[in-house]
Amino acid sequence: MKKLIAISLIVLLSACSGGSGRQQTPVVPTMPDPSAEISNIERSLVYAYPMLGQTDVVPSAPIVLRFSHRFDPVKVSTEQALKSLFIIRASGSTVSEDFDVVKVPDGKGVVITPKKPLQPKTQYTIIGQKIPLESGDVALQPPSYPPLTFTTRAAFEGPTDLQSLTPDFQVAQLTPAPTNFLIGSKPLGIIDFATIRLLMTQPVDSKTVQYGTTIRLLQGTTLVPARVLVQGNHLSIDPEADLNPNLSYTLSLTSGLKSMLNKALVPGQFAAYSFMPLSSGISADPDLNKASRIEVQVLTSNPDESGNQCTLRSQLTNACINQVPVASPLLGQKDRAPKPQAEGKLFADLALPANFAQFPGVTPLRVPRGNILKAGNLTVKLDGLVPAGLKTGALTITLISDANGLLLPNRYSTSLAAPALVTLEMDINVSAAEGTANGAFTQDISHVQVVGLATLDQQTQELTIEAVGTIELKILGVDNAVGVLALKLKTDLTRPAGSAVADIVPPEVQSWVPGETVNGLPGGEFIRPGDPLLVNFNEAMDIKSFQPAGVVSLLKNNVPEPFTWRLDGVSLIVTPNAPWEHGKNYRLALA
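Residues numbered from 1 in each chain as written. Predicted model: local features only at pLDDT ≥ 70, side-chain atom pairs only at ≥ 80, totals over all residues. Heavy atoms only, no water.

A.B. asks: So what exactly am I meant to see when it comes to the overall build of the protein chain here?
C.D. replies: Check the secondary structure of the protein chain and you find 5 helices and 38 strands. Principal-axis analysis of the C-alpha atoms gives the protein chain an extent of 80 × 60 × 55 Å. The buried share among the 591 residues of the protein chain stands at 51%. Residue pairs at least 24 apart in sequence account for 70% of intrachain contacts in the protein chain once pairs closer than 6 positions are excluded. Summing over all exposed atoms, the protein chain offers an accessible surface of approximately 26400 Å²; the carbon and sulfur share of this is 54%. Across the protein chain, 46 positive and 50 negative side-chain charges occur, with their mean positions spaced 3 Å apart. (Helix = DSSP H or I, 4+ residues; strand = E, 2+ residues; numbered from the N terminus. Buried < 20%, exposed > 50% of the residue type's maximum accessible area, 1.4 Å probe, protein only. Contact = heavy atoms within 4.5 Å. Areas by Shrake-Rupley, 256 points an atom, 1.4 Å probe, with all protein chains shown as cover. Lys, Arg positive; Asp, Glu negative; His and termini not counted. Charge placed at Lys NZ, Arg CZ, Asp CG, Glu CD.)

And the structure:
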């Protein structure tokens, strides 16, 4: 039976125009016009995905490169000639990876796809010494620049050494942590509106994640109200309110935090990591706070009158923009993979560039928790061909923590005409409208890294961002799917940002497992001693609403039974400390 429950919903933050009766235009960093041309003498690489120095990269992600000018059509007239320009090689190896390469239609970029996924937790270098462009030959990176390297994530399964970045359980990286290549020699600290993300060296045991005990963010001796999200080796600590840039904070992790490999955390500097957040400049002054908000339109690639299914394509990858391709052995690969179209608006905050004068041209940005996009129905077809009788209905993509990133000058090029760079890291939740499909598809996807280019039309004041990212999903609990996102976003800076629609409809329990009955038999007959109890909601839930004592309770023969719980997607997963006992009466209650 469906039960309406009272539970705290993620609040969508409003976007407003300037206060005091005046409209204000958001302050954005200097960036080139889309029509700006890079001179022949300034020819260079202008974009790379993965970004130089990027870590935790999906092994099956493509490599996307873009240059200031078109490839020389005479010297690069065949696919083999194009392929011969690049080498992908693991650190310390003399063997190069085999790959396919495709030139994008405007002739300025390539998409390189390794023929098999790269090895986990391995550093790779993209090598290209002499790239023939119409403007002349160019090195992939000049001699004074660092090589184009990136490092893949650890394995999700298999031998423990492949799942571990180090033998000890430690914090590998505090993110966002831009490299010196991006911001120079001065480290960019934590911003007052940032979500603190930690990349751990081993997958985290969620049962040991206890905010206020094993993980604490303190201001003095006071615990800062925050949400803590965990998935695999990713931890995200999202303060409920912006931090005060005039105060010092301490992030404290204890050895009570354990990995799924049964290793206790060696906290190191994170036993007491103290910092004073940098001021975004938008919190102290209400007018500036409102003026910093921008409304971002997610463009759609809908069919035209002639039936063309892809009317807008990415200049970076030539893929249809803002689709969510889900490629897997079960659902289909490449052209047969389903590609639901995303649409909607995002509301983002830009820090004041003047507050980051020590990092010229660098502007932090935030997309607040609760932003929502919708995507179309995904029809499950085996290998993209045989209908499986399962449809998701509309998909909902929800930001479950504040996403953070940077707008900054192009670091690959010295030209002022080179488009600006954009980075963004986010935690998202995917859910489906149809109940059966929701249980099979819903999940959280953490630390999604997006890298793109940005230009600003000086006449229309239209900011355009094109970006690439890769997500990994688990389909039906067994199939590993990969989606390469080709994003295109536009913002009219002359118009005040609108307001996100507040969600005032309480969530519902959509389904649960094992359910009251299965094929006419009591559901309890189908649960095994080690199985969890699953409760699927019809929308993303606020993790903090489950944390007060008594919100979730489990009884065995009307006696409280110890248990652990976690959220994944829109599913509440409840596991008793002791296995289910045959013949006992269990009751799960949600307040």
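A.B. asks: How do you make sense of the pairing of strand 14 (residues 226-231) when you look at a structure like this?
C.D. replies: The two faces of a sheet get side chains in turn, since along a regular strand they alternate between them. By the bridge criterion, 6 bridges tie strand 14 to strand 15 (residues 234-239) in an arrangement that is antiparallel. What sits directly across from glutamine 231, in strand 15, is histidine 234. Where strand 14 hands over to strand 15, the hairpin turn is made up of 2 residues, of which glycine 232 adopts a positive phi near 60°. (Pairing = 2+ DSSP bridges.)

A.B. asks: Would you mind showing me how to read the pattern of salt bridges here?
C.D. replies: Pairing between side chains of opposite charge can happen when the charged atoms of each approach one another. Inspection of every chain in the model, using the stated rule, returns 23 salt bridges. For the salt bridge of lysine 207 with aspartate 205, the shortest nitrogen-to-oxygen distance reads 3.4 Å. Look at lysine 207 and you get partly exposed, because its relative accessible area is 48%. With relative accessibility at 13%, the residue aspartate 205 sits in the buried group. With a shortest N-O distance of 2.8 Å, aspartate 242 and arginine 366 are connected by a salt bridge. Linking aspartate 242 in the loop between strand 15 and strand 16 (249-253) with arginine 366 in strand 20 (residues 363-367), this pair joins segments that are 124 residues apart in sequence. Each of the salt bridges in this network shares a partner with another, and the network as a whole consists of Asp242, Arg293, Asp349, Arg366 and Asp402. (Salt bridge = Lys/Arg side-chain N within 4 Å of Asp/Glu carboxyl O.)

A.B. asks: What's the story with the sheet that holds strand 36 (residues 563-568) in this structure? I'm lost.
C.D. replies: Two pairing modes exist for strands in a sheet, parallel and antiparallel, and in both the strands are linked by backbone hydrogen bonds. Read from one edge of the open sheet, 4 strands run 30-33-37-36, paired in antiparallel fashion. Unpaired on one side and paired on the other, strand 30 (509-513) and strand 36 mark the two borders of the sheet. Averaged over all pairs of adjacent strands, the angle between strand axes in this sheet comes to 15°, irrespective of strand direction. Two strands pair when backbone bridges link them, and strand 36 and strand 37 (residues 571-576) are joined in this way by 6 bridges, in the antiparallel orientation. Within strand 37, the residue paired with arginine 566 across the bridge is isoleucine 573. (Axes fitted to C-alpha atoms, helices over the stretch in contact; angles between N-to-C directions.)

A.B. asks: What is the right way to read the sheet that holds strand 5 (residues 109-114) from this model?
C.D. replies: With antiparallel pairing, the 4 strands of this open sheet are ordered in space as 1-2-5-4. Strands with a single pairing partner mark the edges of an open sheet, and in this sheet they are strand 1 (45-49) and strand 4 (99-103). This sheet shows a mean twist of 15° between the axes of neighbouring strands, independent of strand direction. Of the pairings in the sheet, the one linking strand 2 (residues 63-67) to strand 5 comprises 4 bridges and is antiparallel in character. Within strand 5, the position partnered with isoleucine 63 by the bridge is isoleucine 112.

A.B. asks: Mind showing me how you'd approach the environment of alanine 139 here?
C.D. replies: As for its placement among the helices and strands, alanine 139 is situated in the loop between strand 8 (136-138) and strand 9 (148-151). Considered as a pair, alanine 139 and arginine 43 are 96 residues apart in the sequence and their alpha carbons are 9.6 Å apart. Sequence-distant contacts of alanine 139, defined by excluding residues within four places in its chain, comprise Gly128 and Gln129.

A.B. asks: Could you clarify how one ought to interpret the nonpolar core in this entry?
C.D. replies: Inside soluble globular proteins, nonpolar side chains tend to come together where they are buried. With 82 residues, the main nonpolar core has Leu65, Phe71, Phe86 and Leu198 as its most contacted residues. The leading source of residues in this core is strand 1, at 5 residues. For leucine 65, the contacting residues outside a window of four places in its chain are Leu45, Tyr47, Ala48, Phe86, Lys108, Gly109, Val110, Ile112, Ile126, Leu140 and Leu148. Among the nonpolar cores identified, the runner-up in size contains 49 residues, and Leu373, Ala437, Ile471 and Leu489 belong to it. (Core = buried A, V, L, I, M, F, W, Y, C linked by side-chain atoms within 4.5 Å.)

A.B. asks: Hey, could you run me through a nonpolar patch on the surface in this one?
C.D. replies: Together, Leu382, Leu385 and Val386 give the surface a local cluster of nonpolar side chains, amounting to about 270 Å² of exposed area. By secondary structure assignment, the location of leucine 382 is in strand 22 (residues 379-382). Using a relative accessible area of 39% as the deciding quantity, one classes leucine 382 as partly exposed. (Patch = residues over 30% accessible without salt bridge, like charges linked within 9 Å, V, L, I, M, F, W, Y side chains within 5 Å.)

A.B. asks: I'm lost on the packing of aromatic side chains in this one. Help?
C.D. replies: The description of two aromatic rings rests on the distance between their centres and on the angle between their planes. Tallied over the entire structure, the rule returns 10 aromatic pairs. Here a set of aromatic residues connected by ring pairs shows up, and it is made of Tyr249, Phe270, Tyr273 and Phe275. In this structure, arginine 153 is placed above the aromatic ring of phenylalanine 156, and the distance from its NZ or CZ to the ring centre is 3.7 Å. (Phe/Tyr/Trp six-rings, centres within 6.5 Å; stacked < 30°, edge-to-face > 60°. Lys NZ or Arg CZ within 6 Å of the ring centre and 35° of its normal.)

A.B. asks: So what exactly am I meant to see when it comes to the environment of phenylalanine 169 here?
C.D. replies: Position of phenylalanine 169 relative to the elements: it lies in the loop between helix 2 (160-163) and strand 10 (171-175). Note on phenylalanine 169: relative accessible area 0%, which makes it buried. A sequence separation of 91 residues divides phenylalanine 169 from methionine 260, and the C-alpha atoms of the two residues are 9.9 Å apart. Ignoring anything within four residues of it in the chain, the contact list for phenylalanine 169 reads Met200, Thr201, Gln202, Val204, Leu257, Lys258, Ser259, Lys263, Ala264, Leu265 and Val266.

A.B. asks: In this structure, what is going on with the side chain of glutamine 54? I would like to understand it.
C.D. replies: Relative to the helices and strands, glutamine 54 is located in the loop between strand 1 and strand 2. Of the residues examined, glutamine 54 reaches a relative accessible area of 4% and is grouped as buried. What glutamine 54 contacts, discounting residues up to four positions off in sequence, is Tyr49, Thr149, Phe150, Thr151, Gln449 and Val451.

A.B. asks: Sorry, what's going on with the confidence of the model for the protein chain here?
C.D. replies: In regions of low pLDDT, the predicted coordinates are not meant to be interpreted in detail. The predicted model of the protein chain averages 86 in pLDDT, with 90% of residues at 70 or higher. With pLDDT under 50 throughout, residues 1-23 is counted as low confidence; its partners more than four residues away or in other chains account for 71 contacts. (pLDDT = per-residue confidence, 0-100.)

A.B. asks: Looking at this structure, I do not really get unusual backbone geometry. What am I missing?
C.D. replies: With the exception of glycine, the majority of residues adopt a negative phi angle, and the majority of peptide bonds are in the trans configuration. Note that the residue after tyrosine 49, namely proline 50, is joined by a cis bond; omega there is 0°. In this fold, proline 50 is placed in the loop between strand 1 and strand 2. Residue proline 514 is reached from valine 513 by a cis peptide bond, and omega for that bond is 20°. Structurally, proline 514 can be placed in the loop between strand 30 and strand 31 (517-518). The phi dihedral of aspartate 56 is positive, around 60°, even though this residue is not glycine. Summarising the element assignment, aspartate 56 is placed in the loop between strand 1 and strand 2. Of note, the phi angle at asparagine 558 is positive, near 65°, even though the residue is not glycine. Mapped onto the secondary structure, asparagine 558 falls in the loop between strand 34 (552-556) and strand 35 (559-560).

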